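For reference, the chains in residue letters:
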Amino acid sequence: MSPDVRVRSIVEGDWPGIVALEGRAYAPLGLSEEPSALRSRARSSPATCFVLEAGGRLAGYLLALPYPESAYPDLRRGEVTAFRSRNLHLHDLVIAEDLRGRGLGRRLLHRLAATARSSGYEEISLVAVGGSDAFWSANGFTARATRVPAQGYGVNPVYMSRAVRADRPGDPHPTSGPLRGWSSQHEVG
């Protein structure tokens, strides 16, 4: 991947691209959200929401926000409460279709883990959708007993979490390639 790849905070001009990526990733699963709901999630925690640029274009995004453990956003409505929690919920991670399988999702996930670590979060949670639970499991997330209603998150959603851990010597660098278990179909979750 060329050196012109960077992860940065979301700015106002990014929203049309984020909405387009989200629609292409989640509409086929029946999980696409209203743009106002996406914006509300980023607004509740701007320091933990990012875009990824590659070759001068918006190539992906990640939305994460503090959420009580074993809870998750309602896809039918926006956020009205900014929670204080030691749990950081990874709500969306999407990479543009033509750029999947190149390690770009890894950069976003690594940035989130570093931000979570430096901000004092103890856990990162998510709801795996569209069969992506095997991918997330391969990257340190464990399925939890929390039940996620299928009417909100599609067929067989799985609530998962992992502890925020310190970097260890020998951990791969965030630009060293695709995540373990990562396939192009799983760069949405």
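Computed from a prediction, not measured in an experiment: that's the story for all the values here.

Engineer: Quick question: what am I supposed to make of the pattern of salt bridges here?
Structural biologist: Note that side chains of opposite charge can pair when their charged atoms are close. Taken as a whole and assessed by the stated rule, the structure comprises 13 salt bridges. Here Arg41 ties to Glu33 by a salt bridge, and the two come within 2.6 Å at their closest N and O atoms. A single burial state applies to Arg41 and to Glu33, both of which are buried. One network of salt bridges, in which partners are shared, links Arg6, Arg8, Asp14 and Glu53.

Engineer: Help me out: how do you make sense of the pairing of strand 2 (residues 49–54) in this one?
Structural biologist: Side-chain positions along a regular strand alternate between the two faces of the sheet. Where burial is concerned, most of strand 2 is hidden: 6 out of the 6 residues are buried. The side-chain alternation of strand 2 yields two buried faces, one formed by Cys49, Val51 and Glu53 and the other by Phe50, Leu52 and Ala54. Connecting the antiparallel pair strand 2 and strand 3 (residues 57–66) is a turn made up of 2 residues, with Gly55 showing a positive phi of about 60 degrees.

Engineer: Just to check I follow, could you spell out unusual backbone geometry for this structure?
Structural biologist: Backbone geometry follows two general trends: most residues other than glycine have a negative phi, and most peptide bonds adopt the trans configuration. Even without being a glycine, Ser70 presents a positive backbone phi close to 70 degrees. Turning to its location among the elements, Ser70 is positioned in the loop between strand 3 and strand 4 (87–95). For Asn156, which is not glycine, the phi dihedral falls at a positive 55 degrees. For Asn156, the location among the structural elements is in the loop between helix 5 (150–153) and strand 7 (158–163).

Engineer: Just to check I follow, could you spell out the packing of aromatic side chains for this structure?
Structural biologist: Centre-to-centre distance and the angle between the planes together describe a pair of aromatic rings. The tally for this structure, following the rule as stated, stands at 5 aromatic pairs. A ring pair is formed by Phe135 and Trp136, whose centres lie 4.5 Å apart and whose planes are at 65 degrees; its orientation type is edge-to-face. Note on accessibility: Phe135 and Trp136 belong to one class, buried. Pairwise contacts between aromatic rings join Tyr72, Tyr153 and Tyr159 into one cluster.

Cut-off values and rules
Residues numbered from 1 in each chain as written. Predicted model: local features only at pLDDT ≥ 70, side-chain atom pairs only at ≥ 80, totals over all residues. Heavy atoms only, no water. Salt bridge = Lys/Arg side-chain N within 4 Å of Asp/Glu carboxyl O. Buried < 20%, exposed > 50% of the residue type's maximum accessible area, 1.4 Å probe, protein only. Helix = DSSP H or I, 4+ residues; strand = E, 2+ residues; numbered from the N terminus. Pairing = 2+ DSSP bridges. Phe/Tyr/Trp six-rings, centres within 6.5 Å; stacked < 30°, edge-to-face > 60°.

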